[in-house]
Amino acid sequence: MTANYQVKRFPNLVEQMSNEDIRELENRLRKDYVKVDFEMGSSNGFLGCGESLVEVIERDKKTLLELGLTYKGIATTLGMGISLGKTRGFNQSCPWGDNYPSDNSMMVYKDPKTGLSMVYSFLMPHLIGTHHFFEGDTPYRIGPRDFARVIGKIK
Ligand SMILES: [Zn+2]
């Protein structure tokens, strides 16, 4: 199913967005947006109800710096995960409205050193690497600390 209107494309990073862009994108990231656009929205949302996109991104940026990790490094590692196959009957597009290939697969990455693994959506490496977004308070969030634990950087 494809949206029959022009999808607005947002700048990659919140630092490049106007306040209006941020409000619009936040709206697209909420759970209810799936009723407006099935492909662009997510039934679980990318952001919790009362959460601010800027606050979530700022908080994760601080954590990332504390842990000595980088967006690119995490995105590259998660990109090496393997697909668990398609889980839902539609393709999930990037909410930023860029032309990142849409998919709905879940992925799994198992760390060779710790033996720990994490499961995440196909979009996750792209959201982290390109948009510096780990998702908000949602079931699919993989935060910097979750990642650091799996790779054995923290306990
Ligand atoms: Zn994107």
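See the structure above.
Cut-off values and rules
Residues numbered from 1 in each chain as written. Predicted model: local features only at pLDDT ≥ 70, side-chain atom pairs only at ≥ 80, totals over all residues. Helix = DSSP H or I, 4+ residues; strand = E, 2+ residues; numbered from the N terminus. Rg over C-alpha atoms; globule rule 2.2 N^0.38 Å. Contact = placed C-beta atoms within 7 Å. Buried ≥ 20, exposed ≤ 12 C-beta atoms within 10 Å, placed from the backbone. Pairing = 2+ DSSP bridges. Axes fitted to C-alpha atoms, helices over the stretch in contact; angles between N-to-C directions. Parallel < 35°, antiparallel > 145°, perpendicular 65-115°, else oblique. Left-handed = near helix turned anticlockwise from the far one by under 90°. Nonpolar A, V, L, I, M, F, W, Y, C, P; charged D, E, K, R; others polar. Expected span 1.5 Å × (residues − 1). Arc of directions from axis to C-beta. Core = buried A, V, L, I, M, F, W, Y, C linked by C-beta atoms within 7 Å.

Enquirer: Any details on the overall build of the protein? Residues and values, ideally.
Expert: Of regular secondary structure, the protein possesses 5 helices and 3 strands. Scanning the protein from its N terminus toward the C terminus, one meets helices and strands in the order α-α-α-β-β-β-α-α. By the compact-globule yardstick of 15 Å for 155 residues, the protein fits well, its C-alpha radius of gyration being 15 Å. Overall size of the protein, expressed as C-alpha extent along the three principal axes, is 45 × 35 × 25 Å. A separation threshold of at least 6 residues defines the contact pool for the protein, and within that pool the share at least 24 residues apart is 61%.

Enquirer: Quick rundown of unusual backbone geometry? Include the residues and the values.
Expert: With phi around 55°, His-132 is a residue other than glycine that occupies positive phi space. Among the structural elements, His-132 can be located in the loop between α4 (124–131) and α5 (144–150). Judged by local crowding, His-132 falls into the partly exposed class, with 18 C-beta atoms found within 10 Å. For Glu-135, which is not a glycine, the phi torsion comes out positive at approximately 75°. For Glu-135, the position within the fold is in the loop between α4 and α5. A count of 26 C-beta atoms within 10 Å places Glu-135 in the buried class.

Enquirer: Go over the pairing of strand β3 (residues 117–121) with me, naming the residues and quoting the values.
Expert: Bridge analysis of strand β2 (residues 105–110) against β3 gives 5 bridges, and the strand direction is antiparallel. Bridged to Met-106 within β3 is Ser-121. Taken together, β2 and the strand that follows it, β3, pair antiparallel across an intervening segment of 6 residues, in which Gly-115 is found at a positive phi of about 75°.

Enquirer: Before we move on, could you go through the packing of helix α3 (residues 71–79) against α4 and cite the residues and values that matter?
Expert: Contact pair α3 / α4: the axes reach a minimum separation of 8 Å and the direction vectors enclose 160°. Between α3 and α4, the angle is such that the two are roughly antiparallel. The way α3 lies across α4 gives a crossing that is left-handed. The segment α3 lies against α4, with Tyr-71, Lys-72, Ile-74, Ala-75, Leu-78 and Gly-79 engaging Met-124, Pro-125, Ile-128 and Gly-129. Within the contact of α3 with α4, the residues separate by chemical class into 7 nonpolar, 2 polar and 1 charged.

Enquirer: Can you explain helix α2 (residues 53–67)? Please cite residues and give values.
Expert: Along an α-helix, residues three or four apart share an orientation, since each turn contains 3.6 residues. For α2, built from 15 residues, the straight-helix expectation of 21 Å at 1.5 Å per residue is met to within 8% by its first-to-last C-alpha distance of 21 Å. Leu-53, Val-56, Asp-60 and Leu-64 are the residues of α2 that are buried. Viewed end-on, α2 has its buried residues packed into an arc of 70°, placing them on one side of the element. In this structure, α2 carries Glu-55, Lys-62, Leu-65 and Glu-66 as exposed residues pointing more than 90 degrees from its buried face. For α2, the secondary structure elements touched by its buried residues are α1 (19–29) and α5.

Enquirer: Before we move on, can you summarise the nonpolar core with the specific residues and values?
Expert: Leu-78, Met-124 and Ile-128 are the most contacted members of the largest nonpolar core, which has 25 residues in total. Apart from the residues lying within four places of it in its own chain, the contact partners of Met-124 are Leu-78 and Ile-142.

Enquirer: For the pairing of strand β1 (residues 82–86), give the residues involved together with the corresponding values.
Expert: Among the 5 residues in β1, 0 count as buried, and that is only a small part of the element. Where β1 meets β2, 3 bridges bridge the pair, whose relative direction is antiparallel. When the sheet's bridge partners are listed, Ile-82 is paired in β2 with Val-108.

Enquirer: Go over the sheet that holds β3, please, and point to the residues and values.
Expert: Spatial strand order, β1-β2-β3: 3 strands in an open sheet with antiparallel pairing. Looking at which strands have only one partner, the edges of the open sheet turn out to be β1 and β3. Each strand axis lies, on average, 25° off the axis of its neighbour in the sheet, ignoring direction.

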